[in-house]
Amino acid sequence: MNPRLHPLLSKIAAVGCAAMTVASLSVIAVQRAEHRPGRTVNVAAGSGTGNGSYGAGSSGGGSAGGSDVNGGSGPATAGGSTAAGGTGGGTTGPAGSTSRGGATSGALSDGATGGGGGGGGCSDANANEGIYCDHIVVGGTTVLSGPLAVYGEGGLKGGQAWITYYNKVLAPQRHLRAIKLVYYDDSDDPNKTLQFTQRMVEVDHVLMLTGVTSPGAIKQYLEAKNVPLIGDIGLSPLSYQSPMIFPTAIAQVNTFPLRVKFAQEDYKIKSFAVIQDVLPGVDDSPFKVAWQKAAADFGVKETDYERIDSAGNSCDQQFLSAVNTHPDYIFMPTASTSFLACIRSMRSQQVKPGGHSPTDPNLLGISGGSNLQIEVDQCGDLCKGQYSAGSPFADPQVIGTPEAKLYLQNMQQYASGVEVSQFIALNYYHAGWVIYNLFKNAGIENNLSRPNIIRAANQFGPFETGFGNSIQWTAQLPRIPSLCMFRVKDDGSHWVFGTQRECLNPSQATT
């Protein structure tokens, strides 16, 4: 370790609750730093990592991989580093080297985890961009506590399931270059997201980011420094407006007209109200515009628009305002906390969809939630037959692709207890598979650099991921990776995914 960095690392190690964004593909080991000393897991090549016990990561990378997904020998990577080491140099890894987000990347023992497993050098090494012959450095931020931590935990464990499989099976077999992860807990604070991104780029020298909680907060900085963010789930409208951000899912604003379409088909609605959940630091004016456009495109009336914090635990004012406009349908929040808060308001105000409400007989249906079982359990009869906010992915338990089968296998083995259909867990598992194909198709596995990654990403796809979604990126902004999603309906006991991918007409998209 560079002795000049020791004071800085000591200060960061003392910061409470620093843990992971699954921003990487193949982290070798993780330390969770809290108010008490963290614990470090040192993992030699092929022995795997922990099972996601280090906290909650709501954003990040790590994902599925390779073409031989059934046999366990596919040339996949996690997150952003695939076979970057190629046949070049496996030097001995830096044992216990400390990343500055409260994480420690454990020993890359004997150089066995990457870099071709032999001696020699590589042509693309660049310490300023986190590229070494035996590993690369990637980073991200996450939120580790509070109401939104459930998504972080799912994303973390989904990514770690892939990471463990990668380290245990693929890296030794394919002589892949290892990944070192730097991560920070930004507490869902956009200012911290920017602060930690600056540190990752200027102090930690990461090659790329694969997930942060507030993309809009770092957009200008990434553009000034030419640092790519690849794998973002796309919950901020600004994720689609930057030449440096490459999101993996349909923009939230483009799910709105599809949700109106579903409600119109099932309930013949003529009007709707919206209670829109919004993350901290996100400008919701694009949401307002998108709902208005959806109403116009489908010939229905929007009677009300209410804003609620995604972590909000009271919806009384918003729900009362919405229901007093007597809409046929109410689009509820996506995030579980605010969605269930609105369900509690429905109960307290004795409102029931389906024309059975004494206070609002006009209400035919509702839509909301994020496909978590807790939503079905707590919503009960109010939600039976109703749609969630949908999913960019197919149900991995039904789709039957090799990628989905490997996902289920790895989740069962390395991340038991995670709801496998949660779209955050799915996204950060599959992001590395996408990035692997990005690198492979461009032929840059052994020629990594930020400019090369950006150049390759600007001409990637269309690519069928094997998880039900297709991705295409170009240099044109707004960057629209997909206009498709799946319906998800509450059958009274579970969320049930539709089997058909439903796509928005490009003319109806919000740009």
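Conventions we followed
Residues numbered from 1 in each chain as written. Predicted model: local features only at pLDDT ≥ 70, side-chain atom pairs only at ≥ 80, totals over all residues. Heavy atoms only, no water. Helix = DSSP H or I, 4+ residues; strand = E, 2+ residues; numbered from the N terminus. Buried < 20%, exposed > 50% of the residue type's maximum accessible area, 1.4 Å probe, protein only. Contact = heavy atoms within 4.5 Å. Areas by Shrake-Rupley, 256 points an atom, 1.4 Å probe, with all protein chains shown as cover. Core = buried A, V, L, I, M, F, W, Y, C linked by side-chain atoms within 4.5 Å. 1 Å grid on protein atoms, 1.4 Å probe; cavity = no way out; pocket = protein on both sides within 12 Å on 5 of 7 lines; lining within 4 Å. Points joined across faces, edges and corners; volume = space filled by probe spheres on them. Nonpolar A, V, L, I, M, F, W, Y, C, P; charged D, E, K, R; others polar. Disulfide = S-S within 2.5 Å.

Novice: So what's going on with the overall build of the protein chain? Which residues, and what values?
Specialist: Of regular secondary structure, the protein chain possesses 13 helices and 17 strands. Taking all 511 residues of the protein chain together, 62% fall into the buried category. If you take every contact in the protein chain between residues at least 6 apart in sequence, the share linking residues at least 24 apart comes to 73%. For the protein chain, the accessible area works out to roughly 17700 Å², and carbon and sulfur atoms hold 50% of it.

Novice: Tell me what's going on with the nonpolar core, and back it up with residues and numbers.
Specialist: With 98 residues, the main nonpolar core has Ile230, Phe272 and Trp473 as its most contacted residues. Setting aside its immediate chain neighbours within four residues, Phe272 contacts Val260, Trp291, Ala295, Val300, Lys301, Glu302, Thr303, Asp304, Pro327, Tyr329 and Phe331. In this structure, Ile275, Ile330, Met332 and Cys383 belong to the second largest nonpolar core, which totals 21 residues.

Novice: Give a detailed account of unusual backbone geometry, specifying residues and quantitative values.
Specialist: That bond from Gly461 to Pro462 is cis: its omega, 5 degrees, falls within 30 degrees of zero. The residue Pro462 is located in strand 12 (residues 459-464) in this model. For the peptide bond that leads from Leu477 to Pro478, omega is 0 degrees, which places it in the cis range. Tracing the sequence through the fold places Pro478 in the loop between strand 13 (470-474) and strand 14 (484-485). Phi angles above zero are rare outside glycine, and Asp188 is one such case at about 60 degrees. One can find Asp188 in the loop between strand 4 (178-185) and helix 3 (190-202). For His326, which is not a glycine, the phi torsion comes out positive at approximately 55 degrees. When you line up the elements, His326 lands in the loop between helix 7 (316-323) and strand 10 (329-331).

Novice: Which residues make up the environment of Pro286, and what values go with them?
Specialist: The residue Pro286 is located in helix 6 (residues 285-297) in this model. A relative accessible area of 26% places Pro286 in the partly exposed class. Beyond its immediate chain neighbours, meaning those up to four positions away, Pro286 contacts Pro237 and Val253.

Novice: Provide a residue-level description of the layout of surface pockets, including the pertinent values.
Specialist: Of the volumes computed, that of the second largest pocket is approximately 220 Å³. Contributing to the lining of the second largest pocket are 14 residues, with Gln472, Ile480, Pro481, Ser482 and Leu483 lying nearest its centre. Examining the composition of the lining of the second largest pocket, we find that five residues originate from one element, strand 13, more than from any other. Per-class residue counts for the lining of the second largest pocket are eight nonpolar, four polar and two charged.

Novice: Describe in detail the environment of Phe439, supporting the description with residues and values.
Specialist: Residue placement: Phe439 occurs in helix 12 (residues 423-442). Exposure remark for Phe439: the relative accessible area of 0% places this residue in the buried category. The spatial distance from the C-alpha of Phe439 to the C-alpha of Ala457 is 8.7 Å, given a sequence separation of 18 residues.

Novice: If you had to explain empty space enclosed by the protein to someone new, which residues and values would you point to?
Specialist: Throughout the structure, instances matching the rule amount to four cavities of 30 Å³ or more. The volume enclosed by the largest cavity comes to roughly 620 Å³. What lines the largest cavity is a set of 37 residues, and nearest its centre among them are Ile233, Leu235, Thr334, Phe423 and Ile424. Residue assignment for the lining of the largest cavity shows that the elements contributing at least two residues are helix 5 (252-267), strand 8 (271-278) and helix 12. A breakdown of the residues in the lining of the largest cavity according to their chemical character gives 20 nonpolar, 13 polar and four charged.

Novice: Please give an account of the state of the cysteines that cites residues and values.
Specialist: Considering all chains together, one arrives at four disulfides under this definition. With a sulfur-sulfur separation of 2.1 Å, Cys122 is cross-linked through a disulfide to Cys133. Across the S-S bond of Cys122 and Cys133 the torsion is about -90 degrees, and the bridge reads as left-handed. With Cys122 in the loop between strand 2 (103-104) and strand 3 (135-142) and Cys133 in the loop between strand 2 and strand 3, this residue pair connects regions lying eleven residues apart in the sequence. Taking relative accessible area as the criterion, Cys122 reaches 23% and is therefore assigned partly exposed. What makes Cys133 buried here is its relative accessible area of 14%. Paired through a disulfide, Cys379 and Cys383 show a sulfur-sulfur distance of 1.6 Å. Judged by the torsion about the S-S bond (65 degrees), the Cys379/Cys383 disulfide is right-handed.

The quantities given are spatial measurements derived from coordinates; they are silent on function.
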